[in-house]
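# Per-entry structural report
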Amino acid sequence: MIVHHLQENNSILNKFISEIRDVKIQKDSLRFRRNIERIGEILGYELSKELSYSGVYVETPLGKKKVQLSYNDLVLCSILRAGLPLHQGLLNYFDDAENAFISAYRNHPNNDAEFEIVVEYFAAPSIDNKTLLLADPMLATGQSLVAVLEAIKKYGTPKEIHIVAVIGAKEGVKFIKDKFPENTHLWIAAIDNELNNKGYIVPGLGDAGDLAFGTKL
Ligand code: URA
C-alpha cells in the first residue's frame, strides 16, 4: 500500500482539519459537514494526480486545443453514515463517477469495548476492472474497511483501489496495509498516535457521524 499523508506538508488543509477537531467549532454541524466536504475535495485533487490520462481535443470558440483528461472508470464507495460529507466532497470533483453505498457499524454484543463490524446494506454498480475510491472519514481500527473489502468482492475485482480518509490512527493504517492489494493508495489528511479502549482515535475529533448528523440511540 502506498500511503499519502497530506499533513506532512503544510497547506490550507491544516485549517480545515483544525476546525473539525476543535470542540467549539465542531458544534456547528453545517460547518463540520462542509469542512469534511472541503477535505474530500483536496484529497480528491491529490489522488487525481495518480489517475491515467490521455489527450483529447476540445473545441473552443476560436480553435482546437489538445487537453489531457483522465479516462478511469471511477466508482465512489462510501460507508454510511459518516462517509456522506466526504462522499459529497469527492463527488464535487469526480462528478462522472458511479456511486456505491455500504452500511458498516460496530456491534457491541456484550456492551463492552469489544465489537464486531456488521455490514448490512450494500448498493453498488459492477466494480469489475474499475478504479474504486473507498471513502471512510475515520480510519480507526481499520476493521470496517477490511469488512467492506470482503463485502464488495461479489461486485467484481477493481483494477485499483484508492482509500480516502480524513483522520486515521497509526494502528489502523498498519492493520489495513497488508489486507489490501499492494497497488492500493491511501490518501489520508492526518494520522494520530492512539486509539482509546473504545476504538476511538485520540485526539481525533470524536464521533464523525454524530457531529455531522446528530446523536443516535
Ligand atoms: N469513528 C469515529 O467517528 N471516530 C473515531 O474516532 C473512530 C471511529
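Attention in this report is confined to the structure presented alongside it. Predicted, not measured: the structure shown is a model, and the values here were computed from it. (Residues numbered from 1 in each chain as written. Predicted model: local features only at pLDDT ≥ 70, side-chain atom pairs only at ≥ 80, totals over all residues. Heavy atoms only, no water.)

## Remarks on the overall build of the chain
The condition is simple: Here a helix means four or more residues in a row that DSSP labels H or I, a strand means two or more in a row labelled E, and each is numbered from the N terminus. Residue burial is assigned from relative accessible area. The probe radius is 1.4 Å, only protein chains are included, and a residue is buried under 20% of its type maximum, exposed over 50%, and partly exposed in between. Residues are treated as being in contact if the distance between any of their heavy atoms lies within 4.5 Å. For the accessible areas, the method is Shrake-Rupley and the probe is 1.4 Å, while residue cover comes only from the protein chains on display. Only four residue types enter the tally: Lys and Arg on the positive side, Asp and Glu on the negative side; His and the chain ends are excluded. Where a charge lies is defined by one atom per residue type: Lys uses NZ, Arg uses CZ, Asp uses CG and Glu uses CD.
Across its full length, the chain carries 6 helices and 12 strands. Dimensions along the principal axes, computed over C-alpha positions, put the chain at roughly 65 × 40 × 30 Å. The 217 residues of the chain split such that 46% are buried. Across the chain, contacts joining residues at least 24 apart in sequence account for 63% of those joining residues at least 6 apart. Looking at the chain as shown, the accessible area adds up to about 11,500 Å², and 50% of this sits on carbon and sulfur atoms. For the chain, the distance from the average position of its 24 positive side-chain charges to the average position of its 28 negative side-chain charges is 4 Å.

## A closer look at the nonpolar core
Just so we agree on the cut-off: For this analysis, a nonpolar core means a set of buried residues of the types Ala, Val, Leu, Ile, Met, Phe, Trp, Tyr and Cys, connected via side-chain atoms within 4.5 Å.
In this structure, I20 and I39 are the most contacted members of the largest nonpolar core, which totals 35 residues. Secondary-structure elements contributing two or more residues to this core are α1 (13-21), α2 (29-48), β4 (74-80), α3 (84-93), β7 (131-135), β9 (160-169), β10 (185-192) and α6 (208-213). Looking at this core element by element, the count peaks at 5 residues for α2. Core analysis: the next-biggest nonpolar cluster, separate from the first, contains 25 residues, V75, I127, L139 and F180 among them.

## A short note on the site of the ligand
Convention followed: The cutoff for a nearby residue is simple: one of its non-hydrogen atoms must lie within 4 Å of the molecule or strand. Counting of polar contacts relies on pairs of N or O atoms within 3.5 Å, with two restrictions inside protein: one atom must be capable of donating a hydrogen and the other of accepting it, and residues adjacent in sequence are counted only when both atoms are side-chain atoms. Here a cavity means grid points, on a 1 Å grid over the protein atoms only, where a 1.4 Å probe fits yet cannot get out; a pocket means an open set of points with protein on both sides within 12 Å along at least five of seven lines; lining residues are those with an atom within 4 Å of a point. More than half of a molecule's atoms lying within 2 Å of a cavity's or pocket's grid points is what places that molecule inside it. Each residue is assigned to one of three groups, with Ala, Val, Leu, Ile, Met, Phe, Trp, Tyr, Cys and Pro labelled nonpolar, Asp, Glu, Lys and Arg labelled charged, and all others, Gly among them, labelled polar.
As a structural note, the neighbourhood of the ligand is formed by R106, M138, A140, G199, Y200, I201, G206, D207 and A208. The backbone of I201 places a nitrogen or oxygen atom 2.8 Å from an oxygen atom of the ligand. Between G206 and the ligand, the recorded distance is 2.7 Å, taken from a backbone N or O atom to a nitrogen atom. When the ligand sits alone it has 240 Å² of accessible area, and the protein chains cover 88% of it. Counting atoms within 2 Å of the grid points, the majority share of the ligand lands in the largest pocket. Considered class by class, the residues forming the shell around the ligand number 5 nonpolar, 2 polar and 2 charged.

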